[in-house]
Amino acid sequence: ALTDSGIAMELAPSNPEYRFNHGLLAYQSGRFNLARTDFRTLLRMKRAETGMVYYRQNGNQGADRIMTMQGGIDDQLLHYLGLVELKSGNFDRAVELLDSAIAINRTDADLFAHRGLAHEKAGRHDQAGRDFDQAFRINPEHAIALQNRSAASLTRGQLSEAEESITLAIRSNPRIPDFYAERGQIRFTRQDYRGALSDYDSAILMNPEDASYLLMRGAVREKAGSEQGAMLDYRKAVEVNPQDPQAWFREGNLLLKQRKYDAAISDFNQAILLDSTYAACWHNRAIAHFRMGMKNEACRDIRQSATLGQKVADEMIRKMCGGN
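By convention here, each chain's residues receive numbers from 1 onward along its written sequence. Residue-level local features of this predicted model are given only where pLDDT is at least 70; pairs of side-chain atoms are given and counted only at 80 or more, and the full residue set underlies all totals for whole chains, interfaces and linings. In computing side-chain properties, one takes all heavy atoms of the structure into account and sets aside hydrogens as well as water.

1. Topic: the overall build of the protein chain
Basically, it comes down to this: Every helix listed is a DSSP run of H or I at least four residues long, and every strand listed is a run of E at least two residues long, numbered separately from the N terminus. When accessible area is computed with a 1.4 Å probe and restricted to protein chains, residues below 20% of their type maximum are described as buried, those above 50% as exposed, and intermediate ones as partly exposed. Pairs of residues are marked as contacts when any of their non-hydrogen atoms sit within 4.5 Å. Using a 1.4 Å probe, accessible areas were evaluated by the Shrake-Rupley method; residue-level cover was limited to the displayed protein chains.
A count of helices and strands for the protein chain gives 18 helices and two strands. Counting all 324 residues of the protein chain, 46% fall into the buried class. At a minimum sequence separation of 6, the contacts of the protein chain that also span at least 24 residues come to 45%. Entry remark: accessible area of the protein chain is about 16,800 Å², with carbon and sulfur atoms responsible for 47%.

This is the structure we're talking about:
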């Protein structure tokens, strides 16, 4: 779709609808440089007469705004540019762009909620809180504001309140997989493994390419006693993102638990190859080496894990290293 949209835009470069559609598709597919170029170009373009009407979709709630090019969509172009910078990790620039969008339109809860996220990511928690509160005042059922309330409750250790808020966020917008993953983590902490598993199932159904969801579902399954199911998730996570050292580490840990030491060491090797500072991985590879009678390797690994900051009992070092 992005390729076809690009061809249409090349054939009619002055057509704002084609460029807007191309920018949306680029943003949705993670092509942030392309999206940034399209939305910036649109801000500079003279609005052409057009019959095209855009219905901005808000989750499953239908259209919450009707827009036309000649009617003015600068606030939303700035909004999308802010989201591009937010996704790219440029939080201060995202705030600047969302400031400009809010100066045009102070009645859009999304603008305040996303500026709040940018402030939160930049560590400005008080400013983030004010923006989330404003989004909440505009729309008491705003999903991102509810998510923020859940996160604040979780930080205070109020698990019931956190679960209640994220559940309301899911009801407000049931199409965001991260919401299910967050509730899954809360339920996992509360030892509600059935509920946690259901939430991670939902998150994975919506986004099967996110290895973190697979790793967390694997942890739930492992804790609930389903090692076979956990292994399937860990292996799928490795397949989805073989560059993630945590995926190799989780699979290696389960293999270690199952006394499959050669296979565990192989996984730990891969994790350490990807991240040589992974202290817990050095520690657990030491255990696998020790149980295989490879004391020199075990001693090397346990000392390295301690050097990297892993808490290691002196007794363990003496046991693995002996007089070394």
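2. Examining the packing of aromatic side chains
Both the distance between ring centres and the angle between the ring planes are used here to describe each pair of aromatic rings. Here is the rule: Any two rings among Phe, Tyr and Trp, with Trp reduced to its six-membered ring, count as a pair given centres within 6.5 Å; such a pair is stacked if its planes are under 30 degrees apart, edge-to-face if over 60, and tilted if neither. Our definition puts a charge over a ring when NZ of Lys or CZ of Arg is within 6 Å of the ring centre and also within 35 degrees of the ring normal.
For the structure on display, the rule yields eight aromatic pairs. Ring centres of Phe249 and Phe268 lie 6.0 Å apart, and the angle between their planes is 45°; this geometry places the pair in the tilted category. Here Phe268 lies in helix H15 (residues 261–274) and Phe249 lies in helix H14 (residues 245–257), a separation of 19 residues in the sequence. Given the relative accessible area of 10%, Phe249 is considered buried. The exposure class assigned to Phe268 is buried, which follows from its relative accessible area of 0%. Taken together, the ring pairs connect Phe20, Tyr27, Phe32, Phe39 and Tyr80 into an aromatic cluster. Above the ring of Trp282, the side-chain terminus of Arg285 is found at 4.9 Å from the ring centroid.

3. Looking at the pattern of salt bridges
Close approach of charged atoms lets side chains of opposite charge pair. Cut-off, in case you're wondering: Salt bridges are counted wherever a side-chain nitrogen of Lys or Arg sits within 4 Å of a carboxyl oxygen of Asp or Glu.
Summed over the entire model, instances satisfying the criterion amount to 18 salt bridges. Note that Arg221 is salt-bridged to Asp233, the shortest N-O span being 3.1 Å. On the criterion of sequence distance, the pair formed by Arg221 in helix H12 (residues 211–223) and Asp233 in helix H13 (residues 227–240) is long-range, its members being 12 residues apart. Classification of Arg221 by relative accessible area gives partly exposed; the value is 21%. Relative accessible area serves as the criterion here: at 2%, Asp233 is assigned to the buried category. Put simply, Arg285 and Asp301 hold a salt bridge, and the shortest N to O gap is 2.8 Å. Highlighted residues: Arg285 in helix H16 (residues 279–291) and Asp301 in helix H17 (residues 295–307), separated in sequence by 16 residues. When its relative accessible area of 8% is taken as the criterion, Arg285 is described as buried. Its relative accessible area of 0% is what places Asp301 among the buried residues. Where salt bridges share partners, they join Glu163, Arg183, Arg187, Arg190 and Asp199 into one cluster.

4. Some thoughts on the packing of H15 against H16
We count it as follows: To get an axis, a line is fitted to the C-alpha atoms, and for a helix only the part in contact is used. The angle between two axes follows their N-to-C directions and goes from 0 to 180 degrees. In this scheme, roughly parallel covers angles under 35 degrees and roughly antiparallel covers those over 145, while 65 to 115 is roughly perpendicular and the rest are oblique. By convention the crossing between two helices is left-handed if the near helix lies anticlockwise of the far one by an angle smaller than a right angle, and right-handed if it lies clockwise. Each residue gets one label: Ala, Val, Leu, Ile, Met, Phe, Trp, Tyr, Cys and Pro are nonpolar, Asp, Glu, Lys and Arg are charged, and the others, such as Gly, are polar.
Where H15 contacts H16, the two axes come as close as 9 Å, and the packing angle between them is 155°. One finds that H15 runs roughly antiparallel with respect to H16. In this structure, H15 crosses over H16, and the sense of that crossing is left-handed. In this structure, H15 uses Tyr261, Ile265, Phe268, Asn269, Ala271 and Ile272 to contact H16, whose residues at the interface are Cys281, Trp282, Asn284, Arg285, Ala288, His289 and Arg291. The residue makeup of the contact of H15 with H16, split by class, is eight nonpolar, three polar and two charged.

5. Topic: the side chain of Ser150
Counted only if it meets this: Each polar contact in these results corresponds to two N or O atoms within 3.5 Å; when the atoms are within protein, one needs to be able to donate a hydrogen and the other to accept it, and residues that are neighboring in sequence are counted only if both atoms are side-chain atoms.
Inspection of the secondary structure puts Ser150 in helix H8 (residues 143–155). Among the residues examined, Ser150 registers a relative accessible area of 2% and is labelled buried. Side-chain polar atoms of Ser150 contact the backbone oxygen of Ala162, separated by 2.8 Å.

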